[in-house]
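Breakdown of the fold
Single-letter residue listing:
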Amino acid sequence: MTPETMTEAAAYLAEVRTALDDLTPAERDDLLEDLPGHLVEILADAGGPLAVRLGTPQTYAAELRASAGLRPRGAPPVRPHPLSSAAGALADDVSAWGRRLRDAALDLPFGPQVAAFLPELWPGWWVLRGYLAVAVPAAFGIFFGFGVLPFLTLFGSDLLGAVAVVAAVVWSVRLGRRSSALPVRRRQVVATGNLALVLLCVLAAVSLRSQVGYNTQISYAAADTSYLQGPNGGISNIYAFDSLGRPLRDVQLFDQDGRAIDSLLLQAPDGRYAEPVRTLDENGVEVGNVFPRTLKAETYGSEGPYVEEVRPPAIAPRRLADASPSPSPSPSASPSPSSTASPSPLPSGSPAASAAPTPTSSPAASLAPSASPTP
Amino acid sequence: MDTTQMLKGVLDLAVLAVVGERDGYGYDVVRRLREAGLEDVGDASVYGTLRRLFQAGALTSYVVPSEEGPHRKYYGLNDTGRSLLQTQTKGWTTFADTMTALLHFEGERA
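My aim in this report is to walk through the structure given alongside it, one point at a time. (Residues numbered from 1 in each chain as written. Chains lettered and ligands numbered in written order. Predicted model: local features only at pLDDT ≥ 70, side-chain atom pairs only at ≥ 80, totals over all residues. Heavy atoms only, no water.)

So, the pattern of salt bridges
- Evaluated as defined, the whole model comprises 17 salt bridges over all chains.
- Two residues, Asp242(A) and Arg246(A), come together in a salt bridge whose shortest N-O distance is 2.7 Å. Considered together, Asp242(A) and Arg246(A) belong to a single accessibility category, that of buried residues.
- Through salt bridges that share partners, Asp30(A), Glu33(A), Arg51(B) and Lys73(B) make up one connected network. (Salt bridge = Lys/Arg side-chain N within 4 Å of Asp/Glu carboxyl O. Buried < 20%, exposed > 50% of the residue type's maximum accessible area, 1.4 Å probe, protein only.)

Right, dumping it as structure tokens:
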């Protein structure tokens, strides 16, 4: 290269650089990176001034930036959103870290063989990714849910859920096949999405596991029942009424085998734990099958916890056909000292509660103990 | 015939094809394009296209040191670039076939 050609090259380069001075330094240096070498090559070929062979520096600069996809001179620069440029920087860092990781992994024993095998697994990952894209929201209960595993539901519908899973798998596979042809930034977005999905799966698995554990405990406790059960669940109390619909108190109940019915659910209707007030017989021995029981449950009020009696439900007993008053209707007729003879209000929903408790004009009416039913 | 307009549309594909055949540095790619018959292709356009394809992640680049002059930066295709070349070739072939059929239909013998 002669000094003249070097000067010519330098001059041309300087003028092209000037024509690009509205770009950022990064953009400009990137564009001009190959130009010095290019000018040298051309001048080595010999064949006239650069301006003839390449066009004027200004024309060259315009053509160069246009084909490089940059804005023409005079157009305002596109200011990148700070969030997107921060995201881009982060993505670059993650990519660099990923590359280092991959290089390190290749150095491990069997690294290259494993690396050669991994591409075979990509389609499987794509299918799994599609399924996970639906399963992760299902685990968190967002729109999707779990049906009979492995099927998922969408808004409660099995059919919609199946359609959603198929659509997600198809989308994931197509994305996977296209990934290698995407520009760098898009690929980084996909890779970030994959990573995020895997993290969410781990999160969902942890959260599900604790839920299942809880349910298992509860169901175990629920299975450990030896209390009286009815068709609607456990029974915690029994309210008895006579043939006229009048409430009976201090009734002792026995089952078909003559056993006292005393294993009842220790729970108020609202689910609070409740305990019955003890009833004693004439010898001071506790009697467990006296009904209705008085249940006391702990309640939390504005001043703290206190114990309150569980209120009886609204009951509507009926007057039976051929009704005759029961031989021992009133609580005061009971000879045994009972601590349940409390002045607590009887079921107010009972229409018969207002009926006069005095038995009259009934042929079988008799307060004689001999008329009472034999146990 | 002035092919500049048509060339603008397919320069990417032409550059990918040349680099795909053999890695090349900027001026080398320009020369090979001209030798292939695309005489109107401009140096700046080729260089700009190479930069753009590189930014898009379709090309790899490496520098080969040289004693005589400045080091040469070579460009080659990576997986993305090969995939892109394949896609664009398919697109071009389809387009060319369509045009050919259209011209036949208009009565001109090929």
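Examining helix α3 (residues 43-55) of chain B
Residues and elements named next belong to chain B.
- Its 13 residues place the ends of α3 19 Å apart at the C-alpha level, agreeing with the 18 Å of an ideal helix rising 1.5 Å per residue.
- For α3, the tally of buried residues reaches ten of 13 residues, placing the bulk of the element in the interior.
- All of the buried residues in α3 are Asp43, Ala44, Ser45, Val46, Tyr47, Gly48, Thr49, Leu50, Arg51 and Leu53.
- A positive phi of about 90° marks glycine 57, the residue just after α3. (Helix = DSSP H or I, 4+ residues; strand = E, 2+ residues; numbered from the N terminus. Expected span 1.5 Å × (residues − 1).)

Description of the sheet that holds strand β13 (residues 304-309) of chain A
Residue and element names in this part refer to chain A.
- Pairing in this open sheet of three strands is antiparallel, and the strands run β8-β12-β13 from one edge to the other. Pairing within the sheet leaves two strands with one partner each, and these edge strands are β8 (274-276) and β13. Strand-to-strand, the axes of this sheet are offset by a mean angle of 30°, without reference to chain direction.
- Pairing analysis gives three bridges linking β8 to strand β12 (residues 295-301), with the strands arranged antiparallel. Considered in β12, the bridge of glutamate 275 is made with lysine 296. (Pairing = 2+ DSSP bridges. Axes fitted to C-alpha atoms, helices over the stretch in contact; angles between N-to-C directions.)

Overview of the interface of chain A and chain B
- Every contact between the two is made by 24 residues of chain A and, on the other side, 22 residues of chain B.
- Across the interface of chain A and chain B, roughly 1,900 Å² is buried in total on both sides, 51% from carbon and sulfur atoms.
- Looking only at chain A, the three residues that lose the most surface to chain B are Asp34(A), Glu41(A) and Ser67(A), adding up to 29% of its buried area.
- Counting across the chain A and chain B interface gives three salt bridges.
- With a closest N to O distance of 3.5 Å, Arg51(B) and Glu33(A) form a salt bridge.
- Of all the secondary-structure elements, those providing two or more residues to the side of chain A that touches chain B are α2 (25-32), α3 (35-45), α4 (50-54), α5 (57-67) and α9 (184-223) of chain A.
- With six residues, α3(A) is the largest single contributor of residues to the side of chain A that touches chain B. (Contact = heavy atoms within 4.5 Å. Buried area = accessible area lost by both parts, 1.4 Å probe.)

Comments concerning the nonpolar core
- Formed by 43 residues in total, the largest nonpolar core has its most connected members in Val16(A), Leu39(A), Tyr60(A), Val19(B), Leu33(B) and Leu59(B).
- Considering every element that reaches this core, the biggest residue donor is helix α1 (residues 4-21) of chain B, with eight residues.
- When near neighbours in sequence (up to four residues on either side) are disregarded, Leu33(B) contacts Leu11(B), Ala14(B), Val15(B), Val18(B), Leu38(B), Val41(B) and Val46(B).
- One finds Val134(A), Phe144(A), Leu152(A) and Leu154(A) within the second-largest nonpolar core, a separate group that totals ten residues. (Core = buried A, V, L, I, M, F, W, Y, C linked by side-chain atoms within 4.5 Å.)

A word on a nonpolar patch on the surface
Residues and elements named next belong to chain A.
- Nonpolar side chains collect at one region of the surface, where Phe140, Ile142, Phe143, Phe155, Leu160, Leu200 and Leu203 lie side by side and expose about 700 Å² of accessible area between them.
- By the secondary structure assignment, phenylalanine 143 is in the loop between α7 (111-139) and β1 (144-146).
- The class of phenylalanine 143 is exposed, set by a relative accessible area of 56%. (Patch = residues over 30% accessible without salt bridge, like charges linked within 9 Å, V, L, I, M, F, W, Y side chains within 5 Å. Areas by Shrake-Rupley, 256 points an atom, 1.4 Å probe, with all protein chains shown as cover.)

Quick notes on the layout of surface pockets
- Empty space within the largest pocket amounts to approximately 2,000 Å³.
- As for the largest pocket, its lining consists of 41 residues, and the residues nearest its centre are Arg102(A), Trp122(A), Arg187(A), Ala191(A) and Asn194(A).
- Of all the secondary structure elements, the ones that give two or more residues to the lining of the largest pocket are α6 (82-107), α7, α8 (158-178) and α9 of chain A together with α4 (79-105) of chain B.
- The element best represented in the lining of the largest pocket is α6(A), accounting for twelve residues.
- Residue composition of the lining of the largest pocket, grouped by class: 20 nonpolar, twelve polar and nine charged. (1 Å grid on protein atoms, 1.4 Å probe; cavity = no way out; pocket = protein on both sides within 12 Å on 5 of 7 lines; lining within 4 Å. Points joined across faces, edges and corners; volume = space filled by probe spheres on them. Nonpolar A, V, L, I, M, F, W, Y, C, P; charged D, E, K, R; others polar.)

Some points on the environment of Leu200(A)
All names here are of chain A.
- Within the secondary structure layout, leucine 200 lies in helix α9.
- The exposure class of leucine 200 is partly exposed, given its relative accessible area of 37%.
- Spatially, the C-alpha atoms of leucine 200 and leucine 132 are 9.5 Å apart, while their sequence positions differ by 68 residues.
- What leucine 200 contacts, discounting residues up to four positions off in sequence, is Val136 and Phe140.

Here we look at α4(B)
- With 27 residues, α4(B) ought to run about 39 Å at 1.5 Å a step, and its terminal C-alpha atoms sit 39 Å apart, in line with that.
- Looking at α4(B), one finds that the buried residues are Thr80(B), Gly81(B), Ser83(B) and Leu85(B).

Description of unusual backbone geometry
- Cis geometry marks the peptide bond from Phe291(A) to Pro292(A), where omega comes out at -5°.
- Positive phi values are uncommon outside glycine, yet Asp250(A) reaches one of about 50°.

A closer look at the packing of aromatic side chains
Residues and elements named next belong to chain B.
- Under the counting rule described, the total for this entry stands at five aromatic pairs over all chains.
- Aromatic pair tyrosine 25 and tyrosine 74: ring centres 5.3 Å apart, planes at 70°, arrangement edge-to-face. You can see tyrosine 25 sitting in strand β1 (residues 24-25) and its partner tyrosine 74 sitting in strand β3 (residues 72-77), a full 49 residues away along the chain. Both residues of the pair, tyrosine 25 and tyrosine 74, count as buried.
- Relative to phenylalanine 95, the ring of tryptophan 92 has its centre 6.2 Å away and its plane inclined at 45°; by these criteria the two rings are tilted. Of the two residues, tryptophan 92 and phenylalanine 95 are both situated in helix α4; the distance of three residues between them amounts to about one turn of the helix. (Phe/Tyr/Trp six-rings, centres within 6.5 Å; stacked < 30°, edge-to-face > 60°.)

Read these as geometric descriptors, not functional statements.
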